[in-house]
Amino acid sequence: MKYCTYILHSQKFDKYYYGQTEDLSSRLLKHNGGKVISTRRYAPWVLFAYKEFSTRSEATRTERKLKNLKSRQRVAQFIRSNDFVRI
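How each quantity is defined
Residues numbered from 1 in each chain as written. Predicted model: local features only at pLDDT ≥ 70, side-chain atom pairs only at ≥ 80, totals over all residues. Heavy atoms only, no water. Helix = DSSP H or I, 4+ residues; strand = E, 2+ residues; numbered from the N terminus. Buried < 20%, exposed > 50% of the residue type's maximum accessible area, 1.4 Å probe, protein only. Polar contact = N/O pair within 3.5 Å; in protein donor to acceptor, adjacent residues only side chain to side chain. Contact = heavy atoms within 4.5 Å. Salt bridge = Lys/Arg side-chain N within 4 Å of Asp/Glu carboxyl O.

(A) Structural detail: the side chain of S10. Here S10 is to be found in strand 1 (residues 3–10). Here S10 falls in the buried class, since its relative accessible area comes to 0%. Engagement of the side chain of S10 in a polar contact is seen with the backbone nitrogen of F13, the distance being 3.4 Å. When sequence neighbours within four positions are dropped, the list of residues in contact with S10 reads K15, Y42, P44 and W45.

Structure representation (structure tokens):
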């Protein structure tokens with residue numbers, strides 16, 4: 001079973017959201033359907049980048065690392081250096 005860490009972008013508000021999930025397409029539908037309280041007001045979201053992992057703990061660890069980066073430059077560098085798939 002695959003897990004992934006993902007980055008969403010709200011083009012309307014120029015905001016980013018970092019998360020991890022087992023089912024990326026379903027999770028994106030929940031974000032855009034207003035079912036996630038923390039992202040509801042910034043919809044619509046588009047998938048910006050993602051990376052697959054074999055365990056949830058790896059995906060969660062990577063999500064935490066992304067959330068601790070405080071600048072967009074550092075996030076962009078992290079994405080490049082960790083082989084994220086850019087959309």
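Next comes the rest of the write-up.
(B) Quick look at the pattern of salt bridges. Summed over all chains, the structure comprises three salt bridges. Of the charged contacts, one joins R56 and E22 as a salt bridge, the two residues approaching to 3.5 Å between their closest N and O atoms. Remark: E22 occurs in the loop between strand 2 (15–21) and helix 1 (24–32) and R56 occurs in helix 2 (residues 56–68); sequence separation between them is 34 residues. The class of E22 is partly exposed, set by a relative accessible area of 37%. Residue K67 pairs with E63 through a salt bridge whose shortest N-O separation is 2.9 Å.

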